[in-house]
Amino acid sequence: MTSLRDILLVARFEVLRAIRTWRAVALFLLYAIAYGGAAYVFLAILHALENQVARQLGVATTDTPGALLGPLLKSEMFQEMVLGMTGNPRLVEEVAVIPPLAIFAMWLGLLLIPFFAASASAECISIDMASRALRFEALRTGRLELVLGRFVGQLVLTAVASGVAAVVVWGMGMTMMVGNSPLQLAYWLVVLTGKAWSFSIPFAGLGVAASCLTTSPAWARVMAIGATAGSWVVYAVARYFEGGTYTIFADLTLQLLPQGWLRMLWEPGFGWLLPALVCATLGAAAVGLGFARFAARDL
Amino acid sequence: MTDRPALVFDGVHKSYGRSKALSGLSFSIPRGSICGFVGPNGAGKTTTFSVVSGFLAPDAGTLDILGLPAFDPWALKGRLGVLPQDAELSDRHTPRELLVHLGRLQGLAARAARTEAERVLALVRLGDRSDSRIASLSHGMRRRVAVGSALLGSPELVLLDEPMAGLDPLQAKSLREALTAVRGLQTLVVSSHNLDELERFCDYVVMIDKGRTLREGTVHEVTGQSALVEWDVVGAPSLEALHAALPGHTFAMVDGVMTQSAPEGADLDASSIVVVRVLGESGVGLREVRRGVGLERRFLSDALAESADVP
């Protein structure tokens, strides 16, 4: 109980510290701008697709995205796009009932959030080891509680960043697109952003682990971002070998990579809870590896 | 309170690679004392504090920290306060936020932590800056916040590594008064290069050099305040007359200073009346009288003797 209390106290303090740094503000801003920019491009593509459908149907083209959303959602073109985003043909029909902007927000989140989480969490311990500010807390609580508290703090920060991004997307959906129900779009953004956030857990864990290994925040960030980028490369290689000669190794690798569970995160209902749980486990495992070093090191 | 010492080191070793920081350091600090922890740069003072605080693991030797064989954050929660020498404060918070957070981590409830933070901020005279960002505080103010963190919750054992560093004379005086006020209630271990200052408010002293103990004991024992008097005289006193007037006492002249060594249990106040009378009778003037040799001189003589012994 005391342990949990300390974890929450450390997490709260970590969040307060992080949101007061210019680096965090800049990272939040960049994340929101990236989301806004990408959503703008997506709306332009959506608009172009709608006009293409309009021409195929022989009806008038539109000035604003969303005016011909009904026919577009039923078009093969759009379903192929959704298939490309989710990677699972079984889910295309189910997912197609969700506002396209919310689908896009989750897809973008799955792409960006690993780098955001890894990069932001990479300095959470290393920076205080370098300045030795960590000593004030290390005197008063266990090292495990310190690491877990900072990890939880980073997850909260990632959730806040995801929330900010969702608000940006919702705002764009309301102002630059017609036919969106404010409540429906908000609901789906919350649900899908939540799913995308669960995908950040292993990468935040990777960042915290890197942060435990070195007293240099810059080096920790390089390690965390490098490992995140590397995981995507390994994922691509494993996918390439899937079903081939090395399928056993490929399958095993995919089980151990968060990306291997990516498609299942799109599952409707409660189907996404299993991959979310796996992501949480992988995150905890990464933190555990970092903690093994942190527990034994001089502070 | 028990008679068991607050802090015991017995043959503790710690190395950083090939460099030995502690080479069998041993000492025992009585509970309730204000202990000066003295040594030159690199003597092992900060390493000693870091070992007690669990920041560093010793390579060998045994410890007794408030009855525990090693640092344990759970067993020592709220019982041990430490001012690390070179640790920076998290400067994105205000002193109040930081101290409330640390107080809560020590196990205090939210309200108690707020009250305690207020008390400590007043103690280190930072009540008016308690809601300023630490980043906006001067070095001395940050140092006082850090000192305050060590005193949070009135822990049984407080280690202060160079607490006066960066403080102006007024701030140092008020901090000294605050520390003196807890004499007998808490055990304070204070490391400082200012030996005159330590001599003024410490009652116990541990002197270390090269990771080993040179000497430890009460300030009176170490400085010889109960057995040694230095008389800075004008003229040549008759040592024979003094020996005759005070049998058992030894008088010697060293560099124009007359040293009086009294036998154990001697009443130095009574003997000083006799010395002044004898000096007056032989027409010798008096510039200054000092009890004991002073911590600084004792330390320097011990350190020099130690370096002469070590090849």
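Residues numbered from 1 in each chain as written. Chains lettered and ligands numbered in written order. Predicted model: local features only at pLDDT ≥ 70, side-chain atom pairs only at ≥ 80, totals over all residues.

What follows covers the overall build of chain A. Within chain A, the secondary structure is distributed over 14 helices and zero strands. Starting at the N terminus, the α and β elements of chain A follow one another as α-α-α-α-α-α-α-α-α-α-α-α-α-α. With the C-alpha coordinates aligned to their principal axes, the bounding extent of chain A is approximately 75 × 50 × 35 Å. A burial count over chain A gives 45% of its 299 residues as buried. Within chain A, contacts between residues separated by at least 24 positions form 75% of all contacts whose residues are at least 6 apart in sequence. (Helix = DSSP H or I, 4+ residues; strand = E, 2+ residues; numbered from the N terminus. Buried ≥ 20, exposed ≤ 12 C-beta atoms within 10 Å, placed from the backbone. Contact = placed C-beta atoms within 7 Å.)

Before going further, it helps to spend a moment on the overall build of chain B. Within chain B, the secondary structure is distributed over ten helices and 13 strands. Principal-axis analysis of the C-alpha atoms gives chain B an extent of 70 × 45 × 35 Å. Each of the 311 residues in chain B was classed as buried or not, and the buried ones make up 42%. Put simply, 71% of the contacts in chain B that link residues at least 6 apart link residues at least 24 apart.

Turning our eyes to something else, we now look at the interface of chain A and chain B. Facing the 20 residues of chain A at the interface are 24 residues of chain B. Counting residues per element, the ones that place at least two in the side of chain A that touches chain B are helix H1 (2–19) and helix H8 (134–138) of chain A. Looking at the side of chain A that touches chain B element by element, the count peaks at five residues for H1(A).

Right, let's get into the sheet that holds strand E12 (residues 257–261) of chain B. All names here are of chain B. What the four strands build is an open sheet, ordered E11-E12-E10-E13; its pairing is antiparallel. Since the sheet does not close on itself, it has two edges, and those belong to strand E11 (250–254) and strand E13 (285–291), each with one partner. Ignoring strand direction, the axes of neighbouring strands in this sheet form an average angle of 25°. Here strand E10 (residues 228–234) pairs with E12 via five bridges, running antiparallel. Residue pairing in the sheet places Asp232 in a bridge with Val257 of E12. Strands E10, E12 and E13 of the sheet are contacted by helix H9 (residues 268–281), whose axis makes an angle of about 20° with E10. (Pairing = 2+ DSSP bridges. Axes fitted to C-alpha atoms, helices over the stretch in contact; angles between N-to-C directions.)

Let us now look at the pairing of strand E6 (residues 157–161) of chain B. Residues and elements named next belong to chain B. Most of E6 is tucked away: five of the five residues are buried. Burial along E6 is two-sided: the face carrying Leu157, Leu159 and Asp161 and the face carrying Val158 and Leu160 are both buried. Across four bridges, strand E5 (residues 80–83) lies against E6 in parallel orientation. When the bridges of E6 are listed, Leu83 appears paired with Leu160. Alignment of E6 against strand E7 (residues 187–191), held across five bridges, turns out to be parallel. Bridged to Val158 within E7 is Leu188.

This brings us to the packing of helix H9 (residues 143–175) of chain A against helix H11 (residues 201–213) of chain A. Residues and elements named next belong to chain A. Close contact between H9 and H11 brings their axes to 10 Å; oriented N to C, the two are set at 135°. Classed by the angle they form, the pair H9 and H11 counts as oblique. Seen from above, H9 lies across H11 with right-handed handedness. Where H9 approaches H11, its residues Val147, Arg150, Phe151, Gln154, Leu155 and Thr158 are matched on the opposing element by Ile201, Ala204, Gly205, Gly207, Val208 and Cys212. Per-class residue counts for the contact of H9 with H11 are seven nonpolar, four polar and one charged. (Parallel < 35°, antiparallel > 145°, perpendicular 65-115°, else oblique. Left-handed = near helix turned anticlockwise from the far one by under 90°. Nonpolar A, V, L, I, M, F, W, Y, C, P; charged D, E, K, R; others polar.)

Now for helix H1 (residues 45–52) of chain B. Residues and elements named next belong to chain B. Taken across its eight residues, H1 has eight buried, putting it largely inside the fold. What H1 keeps buried is the set Lys45, Thr46, Thr47, Thr48, Phe49, Ser50, Val51 and Val52. Looking at the residues trailing H1, positive phi occurs at Gly54, about 80°.

Take helix H12 (residues 217–241) of chain A next. Residue and element names in this part refer to chain A. The end-to-end C-alpha distance of H12, which contains 25 residues, comes to 36 Å, matching closely the 36 Å that a straight helix rising 1.5 Å per residue would cover. Pro217, Ala220, Arg221, Met223, Ala224, Thr228, Ser231 and Ala238 are the residues of H12 that are buried. Packed against the buried residues of H12 are helix H6 (100–121), helix H7 (126–130), H11 and helix H13 (247–256). Positive backbone phi, at 80°, marks Gly243, one or two positions downstream of H12. (Expected span 1.5 Å × (residues − 1).)

The subject of this paragraph is the environment of A:Leu29. With respect to the element layout, A:Leu29 can be found in helix H2 (residues 22–57). Note: C-alpha distance between A:Leu29 and A:Lys74 (45 residues apart in sequence) is 36 Å.

Glancing now at the confidence of the model for chain B. Residues and elements named next belong to chain B. With 97% of its residues at a pLDDT of at least 70, chain B reaches an overall mean of 88. When the elements of chain B are averaged for pLDDT, helix H10 (residues 295–309) gives the smallest value, 74, and helix H2 (residues 95–105) the largest, 96. Scoring the predicted complex yields pTM 0.86 and, for the interface, ipTM 0.84. (pLDDT = per-residue confidence, 0-100.)

Bringing the pairing of strand E1 (residues 7–16) of chain B into the picture now. All names here are of chain B. Judged from the five bridges that link them, E1 and strand E4 (residues 60–65) form a sheet pairing that is antiparallel. By the bridge assignment, Leu7 is partnered in E4 with Ile65. In the sheet, E1 pairs with strand E2 (residues 19–29) via eight bridges, with the strands oriented antiparallel. Residue pairing for E2: Phe9 is matched across the bridge by Phe27.

Residue and element names in this part refer to chain B. Reading across from one edge, E5-E6-E7-E3-E8-E9 is the order of the six strands in this open sheet, with mixed pairing throughout. Two strands lie at the open edges of the sheet, namely E5 and strand E9 (212–218), each paired on one side alone. Neighbour to neighbour, the strand axes of the sheet diverge by 15° on average, direction disregarded. One ladder, built from six bridges, connects strand E8 (residues 204–209) with E9; its direction is antiparallel. Note that in E9 the partner of Ile208 across the bridge is Thr213. Sheet contacts for H1: strand E3 (34–38), E5, E6, E7 and E8; angle to E6, the most-contacted strand, approximately 145°.

The biggest cluster of nonpolar side chains holds 158 residues, and the ones touching the most others in it are A:Ala102, A:Val147, A:Val169, B:Cys35 and B:Val205. What A:Ala102 contacts, discounting residues up to four positions off in sequence, is A:Leu185, A:Trp188, A:Leu189 and A:Leu192. B:Val229, B:Trp231, B:Leu242 and B:Val278 belong to the second-largest nonpolar core, a separate cluster that totals ten residues. (Core = buried A, V, L, I, M, F, W, Y, C linked by C-beta atoms within 7 Å.)

What follows is about unusual backbone geometry. All names here are of chain B. Residues other than glycine seldom take positive phi values, yet Arg125 does so here, at roughly 55°. Among the structural elements, Arg125 can be located in the loop between helix H3 (110–123) and helix H4 (139–151). Judged by local crowding, Arg125 falls into the partly exposed class, with 16 C-beta atoms found within 10 Å. A positive phi angle, close to 55°, is found at Glu162, a residue other than glycine.

On to the confidence of the model for chain A, then. For any part of a model where pLDDT is low, the fine detail of the predicted coordinates should not be relied upon. Per-residue pLDDT for chain A has a mean of 90; in total, 99% of the residues score no lower than 70. The lowest-confidence element of chain A is helix H5 (residues 92–95) of chain A, averaging 70 in pLDDT; the highest-confidence one is H11(A), averaging 97.

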